[in-house]
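So you can see what is in the structure, the chains are spelled out below.
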Amino acid sequence: GVQSHLQALLSLYKLFCPEQVTIALPGKMKIYFKNSEGPWKAAITAVRQRNQGTSPLTQAVFLGTSQPQSRKRKWNAQLVIPASSANTNNLEEDREKNRVYLYNTNESFPVEQLQTFPQLLQNIHRLEFPSQMGSVLTNPLLLHYMNYVKDESIYLRLFYWMGQMLQEECTWCVVDNPYEEEFKSFLETIYKAECFLQEGFSACEEFLYKTLPLWDGFCCRSGVLRLVSWIPLSTFSDIKTYLYDPLAQLFFTSSIYFKCSVLESLKELLQNWLNCNVIQVDSEFSS
């Protein structure tokens, strides 16, 4: 029978190859597929408007995303560990009864009280991650804990949050973005966390693969190339399509400094791949 999603697919075929679809389709249907040329048109418009020196309305060029919401929060406010849901007065009492509290295994240990590595070791089975996962990036003790726990739900929370932040704040995908310095600082924070964990974040990989074709090679250059050095190893076809090809277009049309920066980033990428592979082989051999 008639199925709306199949009709939408046929209408898409009829749009590009009308001779291939001979049946009649209704004129009004629900839109199932967005225009794939939207990001490129928005990127071209952004370049034209930037070169003309105008100040147009903000436009997002990510596929399938609308214009960014108006910012009512302070930038990077989510990188600070929030207070837990426990009463503040109770937290003060807990500090006074710290010795007794450490050995009470039935209660969780508030992460905002975590100050030293011995505290982490003594309470490692009673810690809970904060509600704002972004605060983990700036806390070495919580990064240690995340590396120890290896909980998939924790990585999914961080992946979703980081992906949203990178998408909404990307400087070269928003016309006249006044927060370039904040975005550079954010990329630097992510890079330091990746170096600490010795592995890249999947949200950064997705972000780079999606935005490198739109990148001008200048905006936030050092931060972008640093993130490139932590892309996880994958198939050659994916690496070539989503990483090498966009960089090659910029490489052959840019300055010597940019060429050297790209080569340095790819050298670090290779070193990280080799180090990860050696660790994996050693662990398999020892087991």
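Structure: above.
Residues numbered from 1 in each chain as written. Predicted model: local features only at pLDDT ≥ 70, side-chain atom pairs only at ≥ 80, totals over all residues. Heavy atoms only, no water.

Asks: What am I meant to see in helix H6 (residues 140-149) here?
Replies: For the α-helix, the turn length of 3.6 residues means that residues three or four positions removed from each other point alike. For H6, every residue scored as buried is listed here: Leu141, Leu142, Leu143, Tyr145 and Met146. Those residues of H6 that are buried are in contact with helix H5 (117-122), helix H7 (152-169) and helix H8 (180-197). The residue sitting at the N-terminus of H6 and contributing the capping side-chain oxygen is Asn139; that oxygen lies 3.0 Å from the backbone nitrogen of Leu141. Within two residues after H6, Lys150 carries a phi angle of roughly 55 degrees, on the positive side. (Buried < 20%, exposed > 50% of the residue type's maximum accessible area, 1.4 Å probe, protein only. Helix = DSSP H or I, 4+ residues; strand = E, 2+ residues; numbered from the N terminus. Contact = heavy atoms within 4.5 Å. Polar contact = N/O pair within 3.5 Å; in protein donor to acceptor, adjacent residues only side chain to side chain.)

Asks: Is there a simple way to explain the side chain of Lys259 in this structure?
Replies: Mapped onto the elements, Lys259 comes out in helix H12 (residues 256-286). Buried Lys259, no salt bridge; nearest opposite-charge side chain is Asp216, N-O distance 15 Å. Setting aside residues up to four positions removed in sequence, Lys259 forms contacts with Phe251, Phe252 and Ser254. (Lys, Arg positive; Asp, Glu negative; His and termini not counted. Salt bridge = Lys/Arg side-chain N within 4 Å of Asp/Glu carboxyl O.)

Asks: Just checking my understanding: could you explain the environment of Lys184 for this structure?
Replies: Considering the arrangement of structural elements, one finds Lys184 in helix H8. Its relative accessible area of 32% is what places Lys184 among the partly exposed residues. Separated by 14 residues in the primary sequence, Lys184 and Cys170 place their C-alpha atoms 9.5 Å from one another.

Asks: Any chance you could explain the nonpolar core here in plain terms?
Replies: One recurring pattern in soluble globular proteins: nonpolar side chains tend to sit buried together. Among the nonpolar cores identified, the biggest contains 59 residues, and Met162, Trp172, Phe201 and Trp215 are the most heavily contacted of them. Among the secondary structure elements, those contributing two or more residues to this core are H6, H7, H8, helix H9 (202-211), helix H10 (221-228), helix H11 (236-251) and H12. Looking at which element gives the most residues to this core, the answer is H8, with seven residues. Apart from residues lying up to four places away in sequence, Trp172 is in contact with Phe183, Phe207, Thr211, Leu214, Trp215, Cys219, Cys220 and Val224. (Core = buried A, V, L, I, M, F, W, Y, C linked by side-chain atoms within 4.5 Å.)

Asks: Looking at this model, I keep getting lost on the pattern of salt bridges. Mind explaining?
Replies: Opposite charge on two side chains allows them to pair when their charged atoms are near. Inspection of every chain in the model, using the stated rule, returns five salt bridges. A salt bridge links Lys184 to Glu180, with the nearest nitrogen and oxygen atoms 3.7 Å apart. Residue Lys184 and its partner Glu180 are both found in helix H8; the two are separated by four residues, about one turn of the helix. Each of Glu180, Glu181 and Lys184 takes part in salt bridges that share partners, so that together they form one network.

Asks: So what exactly am I meant to see when it comes to the packing of H6 against H8 here?
Replies: The relative placement of two packed helices is expressed as an angle between their axes plus a distance between the axes. Contact geometry for H6 and H8: axes closest at 10 Å, N-to-C directions at 50 degrees. The angle between H6 and H8 places the two elements in the oblique class. In the crossing of H6 with H8, the sense of the turn from one axis to the other is right-handed. Counting all contacts with H6, which are made through Pro140, Leu143, His144, Met146 and Asn147, the residues of H8 involved are Ala193, Phe196 and Leu197. (Axes fitted to C-alpha atoms, helices over the stretch in contact; angles between N-to-C directions. Parallel < 35°, antiparallel > 145°, perpendicular 65-115°, else oblique. Left-handed = near helix turned anticlockwise from the far one by under 90°.)

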